[in-house]
Amino acid sequence: MAGLSTGAESPGQENPIVGRSAELRALDTFVDSLDHGPAMLVLEGEPGLGKTTLWREGLDAAERRSLRILECRPVQAEAQLAFTALSDLLADVPEDIFDELPAPQRRALEVALLRAEPEDNELLPRAVALGFLGVLIALARSGPVVVGIDDVHWLDHASERVLAFAVRRLRNERIGLLLARRADSGPVFPGDVENEGAMPVTRLRLSALDADDLERLLRRHLGGQLERRSMTHLCRSSSGNPLFALQLGRAMLAGDVVDEDGVGLLIPATLQQVVADRLLALGPEALAVVQAASAAARPTTALIESVVANDRVGDGLCAASAAGVLVVDEDRLRFTHPLLATAAYSQMTTVDRRRLHARLADVVEDLEERGRHLAAAAEGPGADVAAALDASAMRARSRCAPDAAAELWEAAARFTPADQAPSSWERRLNAADCLFEAGDVARARVLLENIASAASPGPIRGRSLVRLGWVVAHIEGFHAGTDAFQRALDDLGDDVAAEVEAEEGLAWCLHESSGNAAAELHARRALALAEGSGDPLLVAGALTHVEFLGSLAGRGLAVEAVGRMARRADSSWADILVRPDWIHGMLLEWDDHLIEARERFATLNREAADRGDEHSLTFILFHLARTELLSGDWTQALQTARACSEATRSSGQVSERPYSCSIEALVEAHLGNVDPALALIAEGIELSHRFGVIPARLEMVATRGFLELSLGRNDAADHTLTDLAGAAETSGLLEPAMFRYHGDAIEAKIALGRLVEAATLVDRIEELAATLRRPWLAVIAGRGRGLLQAARGQLDEACEVLAAVLAGDSAGQPFERARTLLVYGSVQRRHRRKSGARAALVAAHDAFAGLGATLWVEKAAAELARVGGRAPSDGLTPTEFKVAELIAAGRTYREVAAELFISPKTVQWNLSKIYRKLDIRSRAELPGRLDHL
């Protein structure tokens, strides 16, 4: 490919860019690097140094290579309007690219870009960001994509949030960002990209041109009209700033600046003043057009014609264009440099600016823009202005721009007349909701605390405390949330929906931080209030919460009751904490309906991801990983657990970090990754104490006990799990499937010879298994009974019990079955039943290996080594060798399957591998081949 021009002049052709050889080479390198993955190049410098010229050259270079380009040039006036930059970037993207997006993401993008009307705030802001990321990835499949943004510091907040989200998630995609920005001490947009190291970032700081390059530039643009002495003085006075030098040169040629006695130039003090002087030289018609364009967010010729009060708008547009101030791009107007817009707006008096904004408010069609113009035109508070800003905010929120909506609602509150204080507080409450939704939790908290301390006692203050409860629980922990919800209940009065939310919030915080009994009390109060309201959605959520807490108490799982509510519940997406289908999924998981539970969480995960519901992802992924672990898909469980941790971090839900630590630690412990598991347990326990998260802490204690047992540290395991049992009893979290430590506790006590204590545990689990009718509990109880009988020397009885457990196992949990096989093989070995012992231990060994349970593979291998007799061939796995032996002895597929506790289809599958490894074609060849192994 041809490289970019480096500043050298080819014969007969003059390079249009002067003195930027290094920068042009960097642009060349950046564009070519996109074949290998994402990259970012940032052009930085003071105004007038030529950032836009180089930025444009970079895009031209990309275009010469046939790269796809998405570009926008935001201006200061646009920074207040949501998604203006995003709209420009996606303006020319084909519809078929949008068709590839999940429906919620496409819908969110269409609403954000004003291509569709919003409906009842049904969309989530993250769906817009996911949709934009999906568009980028889809475009990059056919070749590298360059996202070019000039004056990136003027991005509107909504677009900036979407872009930052997408950029942070780029890994190997061929997508580049070419940005131009004013030099300052701030971080590169988005601010954390450099620190994260997700993509290479190159920052080019533009310096002033030296005297030779500047003189070349001036002679090229001004011709030979300036004499040598004036040219020299001009270069010195402009300090190497090309825009400053060109503006001064034009002023000199016009006679506005003179070279006095060859000493130097009498020039204005700043570049801003030079630009302002240039505008003053325009005629009145052109100046009126330029000033109107400077106040409009997205000026067009039609808009300016509607606003400017004279009949010579066309002449003014032509004059402004001829003077190099405005560029007419089809119907849209654009300033040739942002300083020109700033200077034009600054030159107007306050009165003139207000009049201009009032005229713009009368003619603009966009609701958000109209509200901002009315605010800029107002001299003080006014109900009409506040109402207009209120409507603008609602529109922005419905377009998935909560940051813009928060700003508009705060402005509406400021413009609310003093005698309408309730409306002002209501608008501030809405602003706080939007700030929380946009992820600005700290500002949301400050605003809510201000309302709670300044508003009069009553529903508004109560509702601010309800919201504050969720915010402080989110960032400080559930103890802080408890206090806020408790205060809210004293103020809410007749606002039943808010009172229900406060009671449910209090119940949730108490369940997490104090125990189940106190939580149930408040959940039942919420249910009574909801039933009194007659609102079916309130009743469904409150009843679900009551049934959930009752299930946690160990009184049985309300699977059917919550399932009915899940089927009847409104299909619209709601807060995950009160969604019956999510609660129902947990109950299914605990009730051993793993296939159905896994499908439920997988569906919820897809829905949450498509809709951009970051808050819900943490909860969903936690339980999805657990069902995958229990079902035996440990590789996927680890990926999901890590995704849960990432979702917690990216959404800023620090109070949920103990849960993501606990699920990741649980999977790592099962895989035998000891150090990572212990590190996660230590981090999670510390965080659970800080945030008051009892269930997550007990989960991690259970995992530590399991890990200690896996490592053969039986005394430590017994101590840990005994403490866990006491803590679970105290907290009222008695549903056995929550922490699943019972089988580990029994095994540790038996290994230590504490048979009386073990017998008590076995009796309790058998009673629970009979009462709750859980296949998993039946397996745990039967295995524990067999271990206890074997420890007492009752080997015949132990073998019978364990064989019955394996024959009746319907839990669908491969790891628990493998552990039972290990125990059965060990007991048979002690009973000198070598053939049966080997078969069970080989099956256990292979099952552990298939799962990836490295510590338990070692346990099974150690037991196998103690069996004695002929060891499996090096060429066959233990299971394959045993299958070969039995088939060679004349057993049928079904007989082999029954003896090895596997299915006939698995026997057939193993036999096909045996034939291939031994290079034989029939079972008739098998006995002779085995004799030579």
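Note that this is a predicted model, so its numbers are computed, not measured.

A. Local environment of the sheet that holds strand 1 (residues 39-45). The strand order 2-3-4-1-5 describes an open sheet built from five strands, whose pairing is parallel. Looking at strand neighbours, the two that pair on one side only are strand 2 (68-72) and strand 5 (201-205), the edges of this open sheet. Each adjacent strand pair in this sheet contributes to an overall mean axis angle of 15°, direction not counted. Bridge analysis of strand 3 (residues 145-149) against strand 4 (residues 175-182) gives five bridges, and the strand direction is parallel. What sits directly across from G148, in strand 4, is L178.

B. Geometry of unusual backbone geometry. In this structure, F83 takes a positive phi of about 65° despite not being glycine. Mapped onto the elements of the fold, F83 is located in the loop between strand 2 and helix 3 (84-89). Positive phi values are uncommon outside glycine, yet L114 reaches one of about 65°. By the secondary structure assignment, L114 is in the loop between helix 5 (103-112) and helix 6 (125-140). You can call L114 partly exposed: its relative accessible area is 42%.

C. Highlighting the packing of aromatic side chains. Under the criterion given, the structure shown has 12 aromatic pairs. For the pair F622 and Y659, a centre-to-centre distance of 5.8 Å together with 90° between the ring planes defines the contact as edge-to-face. A residue pair is termed long-range when its members are at least 10 positions apart, and F622 in helix 31 (residues 614-631) and Y659 in helix 33 (residues 657-671) qualify at 37 residues. For the pair F622 and Y659, one class covers both residues: buried. Connected via pairs of aromatic rings, a cluster forms that spans W508, F548, W582, W590 and F619.

D. Region of the structure containing the environment of E699. Within the secondary structure layout, E699 lies in helix 35 (residues 694-710). With relative accessibility at 4%, the residue E699 sits in the buried group. Separated by 37 residues in sequence, E699 and S662 place their C-alpha atoms 6.3 Å apart. Not counting residues within four places of it along the chain, the set of residues in contact with E699 comprises F622, R626, S662, L666, M738 and F739. Of the polar contacts made by the side chain of E699, one reaches the side chain of R626; its length is 2.6 Å.

E. Layout of the environment of D592. Mapped onto the elements, D592 comes out in the loop between helix 29 (580-590) and helix 30 (594-611). With 220 residues separating them in the primary sequence, D592 and G812 have C-alpha atoms 7.8 Å apart. Residues within four places of D592 in sequence aside, it is in contact with R740, R774, P775, W776, A811 and Q813.

F. Structural view of helix 31. Taking 1.5 Å of rise per residue, 18 residues should cover 26 Å, and helix 31 covers 26 Å from first to last C-alpha, within 8% of that figure. For helix 31, a buried count of 16 out of 18 residues is recorded, marking the element as mostly surrounded by other parts of the structure.

G. The side chain of K882, seen in detail. One can find K882 in helix 44 (residues 878-888). The class for K882 is buried, based on a relative accessible area of 6%.

H. Focus on the pattern of salt bridges. Inspection of every chain in the model, using the stated rule, returns 58 salt bridges. Between E589 and R626 there is a salt bridge; the shortest N-O distance is 3.3 Å. Remark: R626 occurs in helix 31 and E589 occurs in helix 29; sequence separation between them is 37 residues. Residue E589 shares its accessibility class with R626, and that shared class is buried. Across the salt bridge formed by E880 and K913, the nearest N and O atoms sit 3.2 Å from each other. Pair noted here: E880 is in helix 44 and K913 is in helix 46 (residues 904-918), with a separation of 33 residues, a long-range link. On the accessibility criterion, E880 (1% relative accessible area) is buried.

I. Here's a closer look at the pairing of strand 1. Counting buried residues in strand 1 gives seven out of seven residues, a clear majority hidden from the surface. In the sheet, strand 1 pairs with strand 5 via five bridges, with the strands oriented parallel. Paired with L43 across the strands is L204, a residue of strand 5.

Here is what the cut-offs are and how they apply
Residues numbered from 1 in each chain as written. Predicted model: local features only at pLDDT ≥ 70, side-chain atom pairs only at ≥ 80, totals over all residues. Heavy atoms only, no water. Pairing = 2+ DSSP bridges. Helix = DSSP H or I, 4+ residues; strand = E, 2+ residues; numbered from the N terminus. Axes fitted to C-alpha atoms, helices over the stretch in contact; angles between N-to-C directions. Buried < 20%, exposed > 50% of the residue type's maximum accessible area, 1.4 Å probe, protein only. Phe/Tyr/Trp six-rings, centres within 6.5 Å; stacked < 30°, edge-to-face > 60°. Contact = heavy atoms within 4.5 Å. Polar contact = N/O pair within 3.5 Å; in protein donor to acceptor, adjacent residues only side chain to side chain. Expected span 1.5 Å × (residues − 1). Salt bridge = Lys/Arg side-chain N within 4 Å of Asp/Glu carboxyl O.

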